[in-house]
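Fold and contact review
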Amino acid sequence: MSDRHNLEKIAERSFATKLLHFGAEIDEQTGASSTPIFQASTFHQADIMEPPHHDYSRSGNPTREALENYIALLEGGTRGFAFASGMAAISTAFMLLSAGDHVIVTEDVYGGTYRLLTAVLTRFNIETTFVDMTDFEQVTNALKPNTKAVFMETPSNPTLKITDIGRVTGWAKENGLLTMLDNTFMTPYHQRPFELGVDIVLHSATKFLSGHSDVLAGLAVTNDEALGRRLYQLQNGLGAVLSAHESWLLMRGMKTLQARMEHSERSARRLAAWLNDHPEVTRVYYPGLEDHPGRDIHEKQSKGYGAVVSFDVGSGERAASLLSRVQLPLVAVSLGAVESILSYPAKMSHAAMPREVRYERGITDGLVRYSVGLEDIEDLIADLDAALRG
Amino acid sequence: MKIESHLAQIGSVKEPVTGAVSFPVYQATAFRHPKLGQSTGFDYARTKSPTRTVLEEAAAQLESGDAGFACSSGMAALTTIFALFSQGDHLIVSLDLYGGTYRLLERIMSRYGVTASYVDTNDLDGMTELLQSNTKAVLIETPTNPLMMITDLERVSAWAKSKGLLTIVDNTLLTPFFQRPIELGADIVVHSATKYLGGHNDVLAGLIVTKGKELSEQMAFLHNSLGAVLGPQDSWLLMRGMKTLALRMERHQLNATAIANYLLEHEAIEDVYYPALPHHPGHDVQNKQSSGNTGIFSFRLKDARYVEPILRHIKLIAFAESLGGVESLMTYPAVQTHADIPVEIRQKIGVDDRLLRFSVGIEHADDLIADLEQALAAAKREVQEA
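Residues numbered from 1 in each chain as written. Chains lettered and ligands numbered in written order. Predicted model: local features only at pLDDT ≥ 70, side-chain atom pairs only at ≥ 80, totals over all residues.

What follows is about the overall build of chain A. Along its length, chain A carries 15 helices and 12 strands. Computed over the C-alpha atoms, the radius of gyration of chain A is 21 Å, within 12% of the 21 Å expected from 2.2 N^0.38 for a compact globule of 390 residues. Dimensions of chain A along its principal axes, counting C-alpha atoms only, are 70 × 50 × 35 Å. By the burial criterion, 57% of the 390 residues in chain A qualify as buried. Counting only contacts in chain A whose residues sit at least 6 apart along the sequence, the fraction spanning at least 24 positions is 72%. (Helix = DSSP H or I, 4+ residues; strand = E, 2+ residues; numbered from the N terminus. Rg over C-alpha atoms; globule rule 2.2 N^0.38 Å. Buried ≥ 20, exposed ≤ 12 C-beta atoms within 10 Å, placed from the backbone. Contact = placed C-beta atoms within 7 Å.)

Here you go:
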């Protein structure tokens with residue numbers, strides 16, 4: 001671990017440099033060019049009177065700590081937390097609430113978060129109101145005496161709706177509410193929610209941060225000491241932590257985050273524009289398109305539009321035909337990888353959501369979600385064109 | 001087939017394409033769908049992942065259950081189990097309990113209106129007294145940690161069944177090699193697999209095994225929804241550890257029995273808590289329900305001033321938390337594993353400042369005894385000089 005002086009210097013570096021030089025990139029003991037994988041569950045305590053920094057890996061592991069400091073640095077927070085999955089990160093963060101509390105959540109939230117709130121946390125008497133967060137009035141109208149938190153996802157999944165983060169956090173602060181934001185789609189390269197007043201930033205690091213469809217992981221970051229301590233107690237108490245091996249793989253993936261995001265976003269913009277003119281496509285959702293209703297707000301709060309494009313082909317039959325014909329993208333759940341992934345929200349990520357709720361949120365049977373990878377964009381377009389026309 | 005054979009064969013030749021004897025580590029999160037609406041059985045690694053599945057099936061089989069679930073830690077396994085309950089539910093729990101479980105119940109689950117009463121789980125009258133209309137389950141550790149109290153699992157699970165309660169047993173210390181709680185009537189078995197199942201102090205993991213279709217389905221839903229799942233590399237390492245479980249447990253037991261007998265005779269020791277010792281109050285029940293004894297025991301010193309020098313002078317034995325590894329570890333429960341349990345409960349069950357817990361490894365017993373001998377002698381010298 002580098003000393004504090006160095007960490008301050010590191011924080012001043014530009015994002016691309018921080019990705020590679022984050023303070024733990026070199027093992028101090030040996031000079032090795034990568035943090036070692038501490039595959040240890042427990043740590044020898046040389047002096048009973050002075051407990052060591054690490055005593056048990058659930059409470060803290062050196063490899064995981066390197067990752068946790070790394071994400072805190074990138075998000076501009078003060079404390080990072082690594083979890084076994086994005087849902088483990090989100091469930092642990094929601095456990096900050098208690099029975100009788102109420103939370104306001106963006107309505108087109110990830111299906112797994114929706115399931116957690118409606119099928120598990122309801123039994124613990126945590127009440128949720130889902131609102132369309134593009135409409136600020138809906139957010140403020142949802143306030144109740146027992147409201148404790150607001151949960152945002154922007155751009156949302158899969159219809160890429162934009163929430164005005166600063167407006168929501170400003171209002172939340174006035175009302176003493178905790179704000180949480182799922183930053184999976186943007187990553188800290190494009191969007192840094194702490195600068196917009198958010199209290200807890202969450203990630204399914206399985207996606208863009210890791211970037212290779214090979215690591216299941218979740219991350220949380222706080223920038224307040226007291227809140228960080230509370231979240232740490234839950235991370236340690238509930239035990240849904242990320243292993244040393246996966247922590248190392250995730251750091252390895254994160255080193256190329258900017259290079260991957262730049263490439264994928266360039267391709268996604270081209271793909272969205274191309275789809276917008278395609279006769280077989282009824283609607284395209286991408287914040288970078290001129291007519292996207294949240295474009296101005298998104299440009300105010302983010303540096304880029306991301307690499308996910310959703311589009312509607314009009315019917316379930318047409319979606320099925322498309323999915324069976326594409327050759328290049330992986331037809332699978334998940335997103336944010338080096339390889340392109342085509343998903344069908346109605347049957348995959350949002351299968352847990354009742355059909356009528358799904359339709360209210362624009363997640364029709366004809367909607368597909370394209371996560372653009374690092375393949376050549378002309379190849380991807382040719383493949384998609386053939387599948388759409390087929 | 002005997003359990004030794006099942007253990008050695010975990011994952012063996014289950015990989016159909018190459019026939020690899022060791023099951024591959026599937027370091028993949030997403031799985032291609034052959035066609036829309038068709039799946040290979042694997043969609044997303046949180047829900048189901050091939051390497052984890054082999055481990056989970058092995059755990060279910062070894063524990064005589066219907067389904068297994070691998071979690072990122074023992075505490076993650078318990079958290080997932082506790083999510084079965086709802087606001088207003090009540091649990092009856094072993095009094096002498098792992099500190100992390102106590103903390104989870106008292107500091108976190110209590111905020112959701114899930115309450116717990118702590119009792120000696122051998123005391124059916126005491127348990128009947130604690131029974132409330134909203135009581136849903138009994139959670140038992142046997143042997144308990146660190147005082148090694150034994151609960152009669154057949155008797156308590158029959159009682160629980162008659163009251164409509166679920167029986168949950170933490171089988172970390174004995175493992176299915178020595179004890180299979182589901183065969184004795186339990187509904188759910190939980191493990192900190194970090195301990196004996198992993199066996200090498202290198203993997204953090206938890207396992208849940210359920211009996212019954214409905215309970216297994218509920219657990220699968222929670223396991224996926226909460227997402228505290230075990231990664232493929234750690235699943236593979238855990239299976240690798242489990243292949244030698246039988247050998248290790250036999251050796252742990254042999255060493256622990258030799259050392260417990262040695263300490264029992266030592267002038268500085270007040271008592272040794274190990275169910276294999278004939279004077280242990282749970283000796284007969286333990287022999288009835290288990291085929292062997294674990295590798296940890298606790299011992300109480302006559303003089304608390306010995307503790308610090310002993311921990312400083314042990315050389316071969318490491319002073320560290322955790323247990324169940326091939327290396328010997330010594331723990332001071334009052335300040336380490338049980339620091340979260342209030343002093344009055346700790347005193348009541350006997351976790352005081354004279355108690356040390358010894359997780360006996362698979363080194364040679366003579367070397368371990370020699371290490372203890374020199375540490376005890378050095379402690380005696382220092383106490384006398386002071």
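Moving on: the overall build of chain B. When helices and strands are counted, chain B shows 14 helices and 12 strands. For chain B, whose C-alpha radius of gyration is 21 Å, the value lies close to the compact-globule estimate of 21 Å for 386 residues. Seen through its C-alpha atoms, chain B measures out along the principal axes to roughly 80 × 55 × 35 Å. A buried classification covers 56% of the 386 residues belonging to chain B. When contacts within chain B are restricted to residue pairs at least 6 apart in sequence, long-range pairs at least 24 apart make up 72% of them.

Across the 11 residues that make up helix α9 (residues 232-242) of chain B, a large majority, 10, are buried. Taken residue by residue, α9 of chain B has Pro232, Gln233, Asp234, Ser235, Trp236, Leu237, Leu238, Met239, Gly241 and Met242 of chain B as its buried positions. Looking at the buried side of α9 of chain B, the elements it contacts are α10 (244-254) of chain A together with α1 (3-8), α2 (50-62), β1 (67-71) and α10 (245-264) of chain B.

Before going further, it helps to examine the domain arrangement of chain A. Residue and element names in this part refer to chain A. Each assigned domain of chain A is listed here: domain 1 (4-254) and domain 2 (257-389). Centre-to-centre separation of domain 1 and domain 2, based on C-alpha positions: 26 Å. Taken together, the 35 residues of domain 1 in the interface contact 35 residues of domain 2. At the level of secondary structure, the elements contributing two or more residues to the side of domain 1 that touches domain 2 comprise α2 (15-20), α5 (111-120), α7 (165-174) and α8 (187-190). Here the side of domain 1 that touches domain 2 is composed, by residue class, of 17 nonpolar, 12 polar and six charged. (Domains from an automatic or database assignment. Nonpolar A, V, L, I, M, F, W, Y, C, P; charged D, E, K, R; others polar.)

Residue and element names in this part refer to chain B. Pairing within the open sheet is mixed, and its seven strands lie in the order β1-β7-β6-β5-β4-β2-β3. Here the strands that pair on one side only, and so sit at the sheet edges, are β1 and β3 (115-119). Adjacent strand axes in the sheet meet at a mean angle of 20° when their direction is disregarded. The pairing of strand β4 (residues 135-141) with strand β5 (residues 166-170) spans five bridges and is classified as parallel. Bridge pairing in β5 places Ala137 opposite Leu166. In this fold helix α3 (residues 74-82) packs onto β1, β5, β6 (188-192) and β7 (206-210), with an angle of close to 35° to the strand it touches most, β7. (Pairing = 2+ DSSP bridges. Axes fitted to C-alpha atoms, helices over the stretch in contact; angles between N-to-C directions.)

Below, the discussion takes up α2 of chain B. All names here are of chain B. Helix length check: α2 (13 residues) gives 19 Å between terminal C-alpha atoms against 18 Å at 1.5 Å per residue, within 8%. The buried count for α2 comes to 10 of 13 residues, which makes it a mostly enclosed element. Every buried residue belonging to α2 is among Pro50, Thr51, Arg52, Val54, Leu55, Glu56, Ala58, Ala59, Ala60 and Leu62, and all of these are buried. Against the buried residues of α2 lie α1, β1, α7 (175-178), β7 and α9. Phi turns positive, to about 55°, at Ser64, one or two residues after α2. (Expected span 1.5 Å × (residues − 1).)

Strands in a sheet are paired, the pairing made by backbone hydrogen bonds, and the direction either parallel or antiparallel. Residue and element names in this part refer to chain A. An order of β1-β7-β6-β5-β4-β2-β3 is seen for the seven strands of this open sheet, with the pairing classed as mixed. What marks the edges here is a single partner per strand, and that holds for β1 (79-83) and β3 (127-131). Between one strand axis and the next, the sheet turns by 20° as a mean value, whatever way the strands run. With five bridges connecting them, strand β6 (residues 200-204) and strand β7 (residues 218-222) associate as antiparallel partners. Looking across to β7, one finds that Ser204 is bridged to Gly218. Where helix α3 (residues 62-75) meets the sheet, it contacts β1, β6 and β7, and its direction lies at approximately 125° from that of β1.

Okay, the pairing of strand β4 (residues 147-153) of chain A next. All names here are of chain A. Of all seven residues that make up β4, five are buried, and the element is covered over most of its length. Sheet analysis places strand β2 (residues 102-106) next to β4, joined by four bridges and oriented parallel. Each residue of the ladder has a partner; that of Ile104, found in β4, is Val150. Sheet topology places β4 next to strand β5 (residues 178-182); five bridges connect them, and they run parallel. When the sheet's bridge partners are listed, Phe151 is paired in β5 with Met180. Handedness of the β4-α7-β5 crossover: right-handed. (Right-handed = clockwise from strand over helix to strand, strands pointing away.)

It is common to give the size of an interface as the accessible area that goes away when the parts come together. Residue and element names in this part refer to chain B. Its domain assignment divides chain B into domain 1 (3-242) and domain 2 (245-385). Of the residues lining the interface, 34 residues belong to domain 1; the matching set on domain 2 comes to 36 residues. At the level of secondary structure, the elements contributing two or more residues to the side of domain 1 that touches domain 2 comprise α1, α4 (99-108), α6 (153-162) and α7. Residue composition of the side of domain 1 that touches domain 2, by class: 21 nonpolar, seven polar and six charged.

The biggest cluster of nonpolar side chains holds 246 residues, and the ones touching the most others in it are Phe83, Ala220 and Val309 of chain A. If sequence neighbours within four positions are ignored, Ala220 of chain A has contacts with Phe81, Phe83, Ala89, Ala93, Ile200, Val201, Leu202 and Leu231 of chain A. (Core = buried A, V, L, I, M, F, W, Y, C linked by C-beta atoms within 7 Å.)

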